[in-house]
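Results of the structural survey
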Amino acid sequence: MTTVPRRFEILLVAAFTESDETPPTSANALRSAVVEATGDTGESGYPRYAGNGMEADIDPETRTVEALLIDGAEIDYGLSVRVVAAPVT
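Residues numbered from 1 in each chain as written. Predicted model: local features only at pLDDT ≥ 70, side-chain atom pairs only at ≥ 80, totals over all residues. Heavy atoms only, no water.

1. Things to note about the overall build of the protein
Counted only if it meets this: Strands here mean DSSP runs of E at least two residues long; helices mean DSSP runs of H or I at least four residues long; both are numbered from the N terminus. We compute the radius of gyration from the C-alpha atoms alone; for a globule the expected value is 2.2 Å times N to the 0.38, where N is the number of residues. Any two residues whose heavy atoms approach within 4.5 Å at even a single point are treated as in contact. Throughout, the Shrake-Rupley method with a 1.4 Å probe supplies accessible areas, and for residues the shown protein chains are the sole cover considered. When charges are tallied, Lys and Arg are placed among the positive residues and Asp and Glu among the negative ones, while His and the ends of the chain are skipped. By convention, the charge on Lys lies at NZ, on Arg at CZ, on Asp at CG and on Glu at CD.
When you go through the protein residue by residue, the secondary structure sums to zero helices and six strands. Starting at the N terminus and ending at the C terminus, the protein contains elements arranged as β-β-β-β-β-β. Taken over the C-alpha trace, the protein has a radius of gyration of 12 Å; the compact-globule value for 89 residues is 12 Å, and the two agree within 12%. Along the three orthogonal principal directions, the C-alpha set of the protein runs to about 35 × 25 × 25 Å. Once local pairs closer than 6 in sequence are excluded, the contacts in the protein between residues at least 24 apart make up 42%. Of the roughly 5800 Å² that the protein leaves accessible, carbon and sulfur atoms contribute 48%. Charged side chains in the protein number 6 positive and 15 negative. The centres of these two groups are separated by 7 Å.

Here is the structure:
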């Protein structure tokens, strides 16, 4: 059984391509939020994470965002999301 991470950081960025030389960071993201597992499963079948105005279904193995709401709304076309390990506090 795979252990589901308790926290991730979601980065909302203007664009992302696999050829980008460096991954985005919270310093160059349009918005970022540390989200924690809610214990629920989303409509996508993946664990639900929430925090700081963001709610997401995240595949913990691939760090793929399967569903995302920011302040209760879907994101606009042209924007992209990345999921990284949450900063240690």
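2. Quick word on the sheet that holds strand β2 (residues 31-41)
Keep this limit in mind: Note on pairing: DSSP must find at least two bridges between two strands before they are called paired. Angular values range over 0 to 180 degrees, each being the angle between N-to-C directions of two axes fitted as lines to C-alpha atoms, with helices fitted over their stretch in contact.
In space, the six strands of this open sheet follow the order β5-β4-β3-β2-β1-β6, with antiparallel pairing throughout. Of all the strands in the sheet, just β5 (64-70) and β6 (80-85) have a single pairing partner and so form its edges. Taking each pair of neighbouring strands and ignoring which way they run, the sheet shows an average axis angle of 30°. Of the pairings in the sheet, the one linking strand β1 (residues 7-13) to β2 comprises six bridges and is antiparallel in character. Looking at the pairing, E9 lines up with V34 of β2.

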